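Structural description and commentary
The chain contents come next:
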Amino acid sequence: MIMLCFLSSPLVLKNQMAKVCWVYYFSKYIEVADTIFFILRKKSNQVTFLHVYHHGTMIFNWWMVVKFIAGGACYFHAMLNSFVHVIMYSYYGLSACGPAIQPFLWWKKYVTKIQMIQFVTILIHSTYVMTRCNFPQIFSVLAVFYAVSMIILFSNFYYQEFVRRAAVRKSKLQQQQHRNDKKTSFIDKCENSISVNGENEYYQNGARFGKIKTK
């Protein structure tokens, strides 16, 4: 478990991990580009609090990492987040390919689940480092609080996007189906109809009782 801790790692290994952390920190600035693209494409609905909070705080967080504690235990967060971002940006790249790809992007909610699992794993790892390693306690505590905040925000996003909206869409489909069933039932009761000016007038037992537009 030597790589889970900071001061116990060999100097050469810490230097190598410090370089990795610096590269990862630099990548956080590149990721801000997706926010710029959202704004340029006028998709302000995607520039959510979660989006701004995550990207803004990650730059600050990793500036502190490379400034004060680069290497050792910090590599794990960078490694895990990089793996998740490969999956996430692969999804974004495919979704930008046009409508022909949309039927194959059913796994969007699983991307969010993977992000949530990521922060649960970081929470567990940070707690382990805080209690078992000779690591600056303040940074472990900050990592724990940050992981909790991201779990809460991503859980709320998942609920709003994949539970609440799905329920609303299902309700609208049921209402539309109910209206269609009523219309079908109405037509089935008719004995005959006469088309007048693009409208069908319906009669039952010789009495006119309704009309439906056919155009």
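Summary of the structure given here. (Residues numbered from 1 in each chain as written. Predicted model: local features only at pLDDT ≥ 70, side-chain atom pairs only at ≥ 80, totals over all residues. Heavy atoms only, no water.)

**Some thoughts on the overall build of the protein**
Counting its secondary structure elements, the protein contains 5 helices and 3 strands. Counting helices and strands in the order they occur from the N terminus, the protein gives α-α-α-α-α-β-β-β. Residues classed as buried in the protein amount to 36% of the 215 residues present. When contacts within the protein are restricted to residue pairs at least 6 apart in sequence, long-range pairs at least 24 apart make up 60% of them. (Helix = DSSP H or I, 4+ residues; strand = E, 2+ residues; numbered from the N terminus. Buried < 20%, exposed > 50% of the residue type's maximum accessible area, 1.4 Å probe, protein only. Contact = heavy atoms within 4.5 Å.)

**Some points on the packing of aromatic side chains**
Aromatic ring pairs are reported here in terms of the distance separating the ring centres and the angle at which the planes meet. Scanning the entire structure with this criterion turns up 16 aromatic pairs. Linked through ring pairs, F60, W63, F68 and F139 together constitute an aromatic cluster. (Phe/Tyr/Trp six-rings, centres within 6.5 Å; stacked < 30°, edge-to-face > 60°.)

**Observations concerning the side chain of S126**
Along the chain, S126 turns up in helix 4 (residues 108-132). Engagement of the side chain of S126 in a polar contact is seen with the side chain of H77, the distance being 3.4 Å. Not counting chain neighbours up to four residues away, the residues in contact with S126 comprise H77, S140, A143 and V144. (Polar contact = N/O pair within 3.5 Å; in protein donor to acceptor, adjacent residues only side chain to side chain.)

**Here's the deal with the nonpolar core**
One finds W62, C74 and F135 to be the most contacted residues of the largest nonpolar core, which totals 32 residues. Within the residue set of this core, elements represented by two or more residues are helix 1 (11-40), helix 2 (49-68), helix 3 (74-95), helix 4 and helix 5 (137-188). Here the element with the most residues in this core is helix 5; it accounts for 8 residues. Counting residues in hydrophobic clusters, the runner-up holds 5 residues, among them M88, Y91, L105 and V111. (Core = buried A, V, L, I, M, F, W, Y, C linked by side-chain atoms within 4.5 Å.)

**With respect to the environment of I117**
Relative to the helices and strands, I117 is located in helix 4. Residue I117 is classed as exposed on the basis of its relative accessible area, which comes to 54%. The sequence separation of I117 and I151 amounts to 34 residues, and the corresponding C-alpha distance is 8.5 Å.

**Considerations on the layout of surface pockets**
There is about 1,400 Å³ of room inside the largest pocket. For the lining of the largest pocket, the elements supplying multiple residues, two or more each, are helix 1, helix 2, helix 3, helix 4 and helix 5. Grouping the amino acids of the lining of the largest pocket by side-chain chemistry returns 18 nonpolar, 17 polar and 9 charged. The calculated volume of the second largest pocket comes to roughly 460 Å³. Together, 29 residues line the second largest pocket, and N61, V65, H77, F139 and A143 are the ones closest to its centre. Listed by contribution, the elements that provide at least two residues to the lining of the second largest pocket are helix 2, helix 3, helix 4 and helix 5. (1 Å grid on protein atoms, 1.4 Å probe; cavity = no way out; pocket = protein on both sides within 12 Å on 5 of 7 lines; lining within 4 Å. Points joined across faces, edges and corners; volume = space filled by probe spheres on them. Nonpolar A, V, L, I, M, F, W, Y, C, P; charged D, E, K, R; others polar.)

**Some words on the side chain of E31**
Within the fold, E31 resides in helix 1. Within the structure, E31 has its side chain in polar contact with the side chain of H85 (distance 2.8 Å). Filtering out sequence-adjacent residues up to four positions away, E31 remains in contact with H55, H85 and Y89.

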